[in-house]
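# Coordinate analysis (summary)
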Amino acid sequence: MTGRRTGRLAMTNGARMATLLVLFCLLVVAAMSATAIGTVTMPFSRIAAAIFQFDGSRDHLLIMTIRLPRVIAAVLAGGALAVAGAIMQAVTNNPLASPDLVGINAGAAFAVVTVMTLFGEGVGDIYVWFSFVGAAIAALVVYALGSLGSVGHSPLGLVLAGVIVGTFLTSLTTAMLIFDQSTLDAVRLWTAGSVTGRTMAQARTVVPFIVVGLVAALLLGRHLTTLSLGADASRSLGQNPVVWRGASVAIVILLAGGAVALAGPIGFVGLVVPHIVRMCIGVDYRWVIPFAALGGALLVVIADMVGRLVFGSQSFPVGVTIALVGAPFFLHLARTRLKGET
Amino acid sequence: MTTDKTTRFGKIEGKGVHIAYGKRRIVENLDLAIPERRFTALIGPNGSGKSTILRTFAALMKPSGGNLLLDGRDLTKLSTREVARKVGVLLQGPVAPEGLTVADLVRQGRYPHQQLFGRWSAHDQEACEEALMLTGTTDLSDRALDSLSGGQRQRAWIAMTLAQQGEALLLDEPTTYLDLEHQIELMKLIKMLVAKHGKTAVAVLHDINQAARFAEHIVILKDGRITAAGEPETVISAETIFTVFNVKTMVIRDPVAGTPLCVPL
C-alpha cells in the first residue's frame, strides 16, 4: 500500500494547540487589517481609540458603525458556517454535506422575502429575527420529516427531506420575487451572501445564538466522531444516535441560522473549510470544531477584504468572492480525491 | 485481558425469542444459549436469520417477544452504554469517515466508559494500547483507515471492540471480502482472544469448513430455526448439510486439524 495518505502521522496535541494559537493570531491581524482598509485607510491606533475611547468624530463613527460591524459579521458568519458544515458532514457521514442540507438557507430566504413582500423593506433590523426563525422552522421540519418512515433517523432520510423542503421553499421564494420587483431589489444582495451594511444591532442579535452554538459544538466534539461511524456502530458503542443527531441538528440551527440571518447564505464556507481542516489535522472532531471555527472566520474576513480591494467596491458580496475561490478549489479536491481512490 | 470478574463472562442466552422486521417474522421461538468463553459460529444459508439474530443479541434490534439475557439480566432493559461495556460488535462493511486513523477509531471503543464530558484517563489509554497490541495494529495506529488493506482494517475495527473491554465479541461475517491469508489470520485472532483472554466470541460465518476448523461451538440455522447446535464433530454431518444447504457432501476428517471437512459431491 502506497496511498497518498499512507505515511501521514497524526499531529500531536501540542502541535495542534500551537497551530490553533497561530490561527487565532492570524484572525486578529486579519480582522484589524480588514477594519483598517477601505476608501480611507485607518491606522490601527485609531481603530483601538474608536473602540476604547470613542469620541464621536467622523473616523470613529465610520469605524464603529460601518467597518467594525462588517468585520464582526464576517467573523461570526464564517466561524458559525464552517462549524455547522463540519457537524453536518459528521452526522451524515457525507463529505459533501453542508448546513443548506437541512433547509437552513431556503427557510431563511423564504422568511426574509415573505416579510419584505408583506411589510416592505422598512422592516430594518427585525428581518434578522424572521430570517433566523425561518431557518429554524425549515430545519425542524426537515428533521421531523427525515425521522419518519423506513429511512427514519438515517442520514439518507435527513438528506432526502432536506432536498424536498429546500426545493419547495426556494420555488415559493422565487415565485414571490417574480411578482414583487421592489423586494427583489432589496434582497438581491442578501441572497448572494454579504456582510455589507451590517449594523452592531444586527450583530448583537445573533451573537448569543452563535456563541451558545459554538460552545455546544466544542462540547459535542468527541460525540461527533463516534456518531460519524454510522448509527449501528454508534449504538454498539453505547451512544444513542437519535439523541446526539438531534442535538447536532439543534446546534446547526443555532449556528447556521444565526449566520444566515446576519450575512445571507454564504456558500462553500461550510463545505470547504471542514475539508481543509480534516486534511490538515485529521478527523478527531474534538479538534476539527475549534479549527473550523477559526478557519471559517479567517476565510470570510480575508475574502471580504480581498473582494473589496480587488473589485474596488465596498458592497461587493463576500459570498461571490468565496464562490470564485471555493468552486475551483472544490473541483480540484474532488478530482484529486477520485484519482487517489481507484 | 479484561478484569478478574469471576461470574460475568458475557453469557448471552435467548429463550423463546421472536424477531420480526415490521410484520415479517424472521425468527420464531428461538432458544439459543451462547456458551461463555468459547468461540461460537453461526452458519446457515442466506436468509436463515443468522445476521438478524446477531444484531438482536447485540441489542441493535429489539426482539418482538421472548427473553434475552446477558449474564442473567434482561438485555432489553439494559442501557446501550451498559450493553456496550460488555459486548463489542463488528458489523458487515463498517464505514469510517475518510482520513480517520486507526488510533482515532480504537479510541471510540472507550466511549461507553467515559462520562458525558469526562476526560481521557490513563486507563483509557492502556485499554487502547492493549487492544492495538493484541490485534497487531500498533504500528498502524497513525495510519488512515482508508489507506489500509481489508485485513488490516478488520483488525483495526476488532481493536476498537477490544478497547471496549467487554466480555463478549459479536462479529457479522468478519472474513467476507478478505483474501485467504487474511481470513485465516482473522480466525486465528478470534480463536486466540477466546483461548488466551477469556472472550466469548460469536461470529456469523459463510465458510462451513472454516467454522468447523476454528470454532468450538457451531449453531446451524435454517429459516430462523436451529437445525443443529454443538461441537463441530457432532454437528457437521452430510445429512445436516443437505437439509440446510441442499447440497450433497461427503464429510471427511481435516487431515491437518482433525476437524470435520465438507467436500461437495
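Residues numbered from 1 in each chain as written. Chains lettered and ligands numbered in written order. Predicted model: local features only at pLDDT ≥ 70, side-chain atom pairs only at ≥ 80, totals over all residues. Heavy atoms only, no water.

Assigned secondary structure in chain A consists of 13 helices and zero strands. Reading chain A from its N end, one meets helices and strands in the order α-α-α-α-α-α-α-α-α-α-α-α-α. By the compact-globule yardstick of 20 Å for 342 residues, chain A fits well, its C-alpha radius of gyration being 20 Å. Considered along the principal axes of its C-alpha atoms, chain A spans approximately 65 × 50 × 35 Å. For chain A, the proportion of its 342 residues judged to be buried stands at 52%. Long-range pairs, those at least 24 residues apart, make up 77% of the contacts in chain A between residues at least 6 apart in sequence. If you sum the accessible surface of chain A, you get close to 14400 Å²; carbon and sulfur atoms cover 73% of it. (Helix = DSSP H or I, 4+ residues; strand = E, 2+ residues; numbered from the N terminus. Rg over C-alpha atoms; globule rule 2.2 N^0.38 Å. Buried < 20%, exposed > 50% of the residue type's maximum accessible area, 1.4 Å probe, protein only. Contact = heavy atoms within 4.5 Å. Areas by Shrake-Rupley, 256 points an atom, 1.4 Å probe, with all protein chains shown as cover.)

Moving on, we get to the interface of chain B and chain A. Listed per partner, the contact involves 38 residues of chain B and 26 residues of chain A. Summing both sides of the interface, chain B and chain A together bury roughly 2900 Å²; the carbon and sulfur share of this comes to 54%. When the area that chain B buries against chain A is broken down by residue, the three leading residues are Glu98(B), Gln108(B) and Tyr111(B), summing to 23%. Taken together, the connections running from chain B to chain A amount to two salt bridges. Among the salt bridges present, the one from Asp284(A) reaches Arg107(B), with a minimum N-O distance of 3.3 Å. Counting residues per element, the ones that place at least two in the side of chain B that touches chain A are helix H2 (80-86), strand S6 (87-90), helix H3 (102-108) and helix H5 (150-163) of chain B. (Buried area = accessible area lost by both parts, 1.4 Å probe. Salt bridge = Lys/Arg side-chain N within 4 Å of Asp/Glu carboxyl O.)

In this section: the pairing of strand S8 (residues 200-204) of chain B. Sheet faces and side chains relate simply in a regular strand, where the side chains alternate between the two faces. Residue and element names in this part refer to chain B. Counting buried positions along S8 yields five of five residues, so the element is predominantly enclosed. Looking at chain direction, strand S3 (residues 39-43) and S8 are connected through four bridges and run parallel. Directly across from phenylalanine 39, in S8, lies its bridge partner alanine 201. (Pairing = 2+ DSSP bridges.)

Once the charged atoms of two side chains with opposite charge are near each other, the side chains can pair. Residue and element names in this part refer to chain B. This structure, assessed with the given rule, holds 18 salt bridges over all chains. One salt bridge in this structure joins aspartate 74 and lysine 77, with 3.3 Å as the shortest N-O distance. Assessed through its relative accessible area of 25%, aspartate 74 is described here as partly exposed. By relative accessible area, lysine 77 is classed as exposed at 68%.

Our next topic: helix H1 (residues 13-36) of chain A. Residues and elements named next belong to chain A. If you check H1, its first and last C-alpha atoms are 35 Å apart, about what 24 residues at 1.5 Å a residue would give, namely 34 Å. Every buried residue of H1 is listed here: Arg16, Leu20, Leu23, Leu27, Ala30, Ala31, Ser33, Ala34, Thr35 and Ala36. Here the buried face of H1 lies against helix H2 (44-52), helix H3 (58-92), helix H11 (269-281) and helix H12 (285-311). (Expected span 1.5 Å × (residues − 1).)

A full pass over the atoms with the stated rule returns three cavities of 30 Å³ or more. For the largest cavity, the calculated volume is near 90 Å³. What lines the largest cavity is simply Arg222(A), Thr225(A), Thr226(A), Asp284(A), Arg286(A), Arg107(B), Gln108(B), Tyr111(B), Gln114(B) and Trp120(B). Every element with two or more residues in the lining of the largest cavity is listed here: helix H8 (200-227) of chain A together with H3 of chain B. In terms of residue count, the dominant contributor to the lining of the largest cavity is H8(A) (three residues). Tallied by class, the residues present in the lining of the largest cavity amount to two nonpolar, four polar and four charged. Its boundaries defined by the atoms lining it, the second largest cavity holds a volume of some 50 Å³. Residue lining of the second largest cavity: Arg235(A), Ser236(A), Ala58(B), Ala59(B), Thr80(B), Val83(B), Ala84(B), Val87(B) and Val89(B), and that is the complete set. (1 Å grid on protein atoms, 1.4 Å probe; cavity = no way out; pocket = protein on both sides within 12 Å on 5 of 7 lines; lining within 4 Å. Points joined across faces, edges and corners; volume = space filled by probe spheres on them. Nonpolar A, V, L, I, M, F, W, Y, C, P; charged D, E, K, R; others polar.)

All names here are of chain A. Residues Ile126, Trp129, Phe130, Val133, Ile137, Val141, Leu145 and Leu148 make up a contiguous nonpolar surface patch of roughly 720 Å² in combined accessible area. Here phenylalanine 130 is to be found in helix H5 (residues 127-146). Among the residues examined, phenylalanine 130 registers a relative accessible area of 36% and is labelled partly exposed. (Patch = residues over 30% accessible without salt bridge, like charges linked within 9 Å, V, L, I, M, F, W, Y side chains within 5 Å.)

Take the confidence of the model for chain A next. With 92% of its residues at a pLDDT of at least 70, chain A reaches an overall mean of 87. Low pLDDT, under 50, characterises residues 1-9 of chain A; the stretch is placed with 20 contacts to residues that sit more than four places away or in other chains. (pLDDT = per-residue confidence, 0-100.)

Let's shift gears to the sheet that holds strand S4 (residues 65-70) of chain B. Residue and element names in this part refer to chain B. Pairing in this open sheet of four strands is antiparallel, and the strands run S2-S1-S4-S5 from one edge to the other. Bordering the open sheet on either side are strand S2 (24-34) and strand S5 (73-74), each of which pairs with just one other strand. Relative to S5, S4 runs antiparallel, the two sharing two bridges. Following the sheet pairing, leucine 70 is matched in S5 by arginine 73.

All names here are of chain B. In this structure, glutamate 173 sits in the loop between strand S7 (168-172) and helix H6 (180-197). Side chain to side chain, glutamate 173 and threonine 176 meet in a polar contact 2.9 Å long. Once residues lying within four places of it in the same chain are set aside, the contact partners of glutamate 173 are Lys50, Gln92, Val204 and His206. (Polar contact = N/O pair within 3.5 Å; in protein donor to acceptor, adjacent residues only side chain to side chain.)

On to the sheet that holds S8(B). Residue and element names in this part refer to chain B. Strand order across the open sheet formed by six strands is S6-S7-S8-S3-S9-S10, with mixed pairing between neighbours. Looking along the sheet, the strands with just one partner apiece sit at the ends: S6 and strand S10 (225-230). The mean inter-strand angle of the sheet, taken between neighbouring strand axes irrespective of direction, is 15°. Here H6 sits on the sheet in contact with S3, S7 and S8, set at roughly 135° to S3. Against the sheet, helix H9 (residues 238-245) touches strand S9 (217-222) and S10, its axis set at about 40° to S9. (Axes fitted to C-alpha atoms, helices over the stretch in contact; angles between N-to-C directions.)

Here we come to the confidence of the model for chain B. Mean pLDDT over chain B works out to 92, with 97% of the residues at or above the 70 mark. Every residue in residues 1-6 of chain B scores below 50 in pLDDT, and together they form eleven contacts with partners more than four places removed in sequence or on other chains.

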